[in-house]
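If you want the building blocks of each chain, they are given just below.
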Amino acid sequence: MPSEIIPSLERARRLLETRTPSLDVSVLRRFASEYFERGRRFLDRLDPVCLPVYVLDCEALSHRARQFMAAFSQVLDPVSFYYAVKSNNYSGVSEILLENGFGLDVSSGIELEMALALGARDIVFSGPGKTEGELVLAAAHSESVVVLVDSFTELERLEKAAAACNRVVSIGVRLTTQPTGLWRKFGILPEALADFMVQAAQSPHLRMRGLQFHTSWSLDPGNQVAFIEQLAKILRHLQPSLRRSIEFVDIGGGYWPEAGEWLQPAGTSEGRLREALGESPGSPELHHGIEAVPITVFAQAIGEAVQKHLRPLVSARICLEPGRWISNDAMHLFIRVVDKKGSGLVITDAGTNAVGWERFETDYFPVLNLSRPALTEKPCHVLGSLCTPHDVWGYTYWGSGIEIGDILMVPTQGAYTYSLRQHFIKPLPEVVVL
């Protein structure tokens, strides 16, 4: 082995000593107990013939919406809420959230068409690379849509689209929070804000109204608070007339649910290092977790940062775009065991095309056997029916046993699963609204 590689391997082995925390068994038992109870209630209202299905829990969705709004309304005024449709684009989810006082945050023409069909009248349209057709659609519905412009060239193209429709379009601009790496695809550099606002002011069919940023995937509010501080430094150097034109500051989404991120051993940094070193990533019965702070902690920290850093500079409405936090707990998958190949391997009637990617090789979600409930976890490869070895639901299940015909529940699959589902090999489950 070349001598220069040895130090790298030694560093890798030292990194293995810094482990992602193991999930507390008591946390898992509480989770399993709660969703066994919910699952049985849902099962009593389901036609078993219809499996596999997605179950949308309307009560849970509305409850999460009210929780989020209450947390931030206590610390921010004025404040508006927009559901990030991309996190779960089932139209019934957006419809329920509209009824709960949310606007909609869309990222494509398809999502915008759905939002308009639902009667939404408070829509923000974000995302890079908007097509000419999407810009025309947004401009044609300027009474309902604020376009969050992603670049200087998009600003020019939107002006042309608005002129063609003879409409005046309200706009904001997205500021990039990471000027290096792949996240720089989003928005403009913060230091270019003044130039952008001047160019927007010279566009007769556009009305510049605000700013947006998105730090994404946040287990705590540190990233949002840090960028609010950075934004305040930028705003201090703007001409007062430009600052006065800022009617809203959109802080985006990325709030992680309180349970945090749950991982299989292969999904941890040490598991990946072990694989790179030719070792086993760890027992699939050992799960790891990174906790997230409660939404009230997000709200308190962001509210204090807004009050301290932004309020002295702009009297703007604060906008929030939660997706994952709202939809995660509101949709579940119900599947059935159709084959058993020994005590340690079962095949289900649904494949992971229902969640869109090989999620459960790295992410961990408890698989609950509703037919034989028990608060004990047993090793077993629970696999789907697709013609690929990566069709994995889990390496364990919760229950007293597992047999052909048993009904399994994979809970809290509401975020970035339904939207990512794909027509690959087998049919997709239908949605049952309960």
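Residues numbered from 1 in each chain as written. Predicted model: local features only at pLDDT ≥ 70, side-chain atom pairs only at ≥ 80, totals over all residues. Heavy atoms only, no water.

### Brief notes about the overall build of the protein chain
Working step 1: Across its full length, the protein chain carries 13 helices and 18 strands.
Working step 2: Expected size for 434 residues packed as a compact globule is a radius of gyration near 22 Å; at 24 Å, the protein chain falls within 12% of this value.
Working step 3: Each of the three principal axes of the protein chain carries a C-alpha extent, and together these read 70 × 60 × 40 Å.
Working step 4: The proportion of buried residues among the 434 residues of the protein chain is 55%. (Helix = DSSP H or I, 4+ residues; strand = E, 2+ residues; numbered from the N terminus. Rg over C-alpha atoms; globule rule 2.2 N^0.38 Å. Buried < 20%, exposed > 50% of the residue type's maximum accessible area, 1.4 Å probe, protein only.)

### Regarding the sheet that holds strand β4 (residues 123-125)
Working step 1: Strands sit in the order β2-β3-β4-β5-β6-β7-β8-β11 around a closed barrel of eight strands; the barrel is parallel. Averaged over all adjacent pairs, the angle separating strand axes in this sheet is 30°, with direction ignored.
Working step 2: In the packing of helix α8 (residues 193-201) onto the sheet, contacts are made with β5 (145-149), β6 (169-174) and β7 (206-212), and the angle to β7 comes to roughly 155°. (Pairing = 2+ DSSP bridges. Axes fitted to C-alpha atoms, helices over the stretch in contact; angles between N-to-C directions. Contact = heavy atoms within 4.5 Å.)

### Focus on the pairing of β5
Working step 1: The buried count for β5 comes to five of five residues, which makes it a mostly enclosed element.
Working step 2: Strand direction decides the pairing type here: β4 and β5, joined by three bridges, are parallel. Looking across to β5, one finds that V124 is bridged to V146.
Working step 3: Crossover handedness for the path β4 to helix α6 (residues 132-140) to β5: right-handed.
Working step 4: Note that β5 and β6 share four bridges and pair parallel. Along β6, the bridge assignment pairs V149 with V173.
Working step 5: Taken together, β5, helix α7 (residues 152-165) and β6 constitute a β-α-β crossover, and its handedness is right-handed. (Right-handed = clockwise from strand over helix to strand, strands pointing away.)

### Let's talk about the confidence of the model for the protein chain
Where the model shows low pLDDT, its predicted coordinates should not be examined in detail.
Working step 1: Residues with a pLDDT of 70 or more make up 93% of the protein chain, whose mean pLDDT is 93.
Working step 2: When the criterion is pLDDT under 50, residues 1-6 qualifies, and its contacts beyond four places in sequence or with other chains add up to two contacts. (pLDDT = per-residue confidence, 0-100.)

### As for the packing of helix α5 (residues 109-117) against α6
Working step 1: As a packed pair, α5 and α6 sit with axes 10 Å apart at the nearest point and diverge in direction by 25°. Our classification of the angle between α5 and α6 gives roughly parallel. Crossing handedness for the pair α5 and α6: left-handed. For the pair formed by α5 and α6, the contact residues are G109, L112, E113 and L116 on the first element and E134, L137 and A138 on the second. (Parallel < 35°, antiparallel > 145°, perpendicular 65-115°, else oblique. Left-handed = near helix turned anticlockwise from the far one by under 90°.)

### Quick look at the nonpolar core
Working step 1: The biggest cluster of nonpolar side chains holds 99 residues, and the ones touching the most others in it are F72, I171, L235, Y255 and W393.
Working step 2: Broken down by element, this core gets its largest block of residues, seven residues, from helix α12 (residues 295-310).
Working step 3: Aside from chain neighbours lying at most four places away, what touches Y255 is F68, F72, S218, Q224, I295, F298, I302, L320, P322, R324 and W325.
Working step 4: With 21 residues, the next largest nonpolar core counts Y35, V53, L370 and L434 among its residues. (Core = buried A, V, L, I, M, F, W, Y, C linked by side-chain atoms within 4.5 Å.)

### Remarks on the packing of helix α3 (residues 58-73) against helix α4 (residues 91-99)
Working step 1: It is at 10 Å that the axes of α3 and α4 come closest, and there the two elements cross at 45°. Classified by the angle between their axes, α3 and α4 sit oblique to one another. At the point where α3 passes α4, the crossing takes the right-handed sense. For the pair formed by α3 and α4, the contact residues are C58, L61, S62 and A65 on the first element and V93, I96 and L97 on the second.
Working step 2: Residues of the contact of α3 with α4, tallied by class, amount to six nonpolar, one polar and no charged. (Nonpolar A, V, L, I, M, F, W, Y, C, P; charged D, E, K, R; others polar.)

### A closer look at the environment of S94
Working step 1: Residue placement: S94 occurs in helix α4.
Working step 2: By relative accessible area, S94 is classed as buried at 0%.
Working step 3: Taking the C-alpha atoms as reference points, S94 and A84, 10 residues apart in sequence, are found 9.0 Å from one another.
Working step 4: With residues up to four places along the chain from it excluded, the contact list for S94 reads Y83, V85, L104, M114 and L118.

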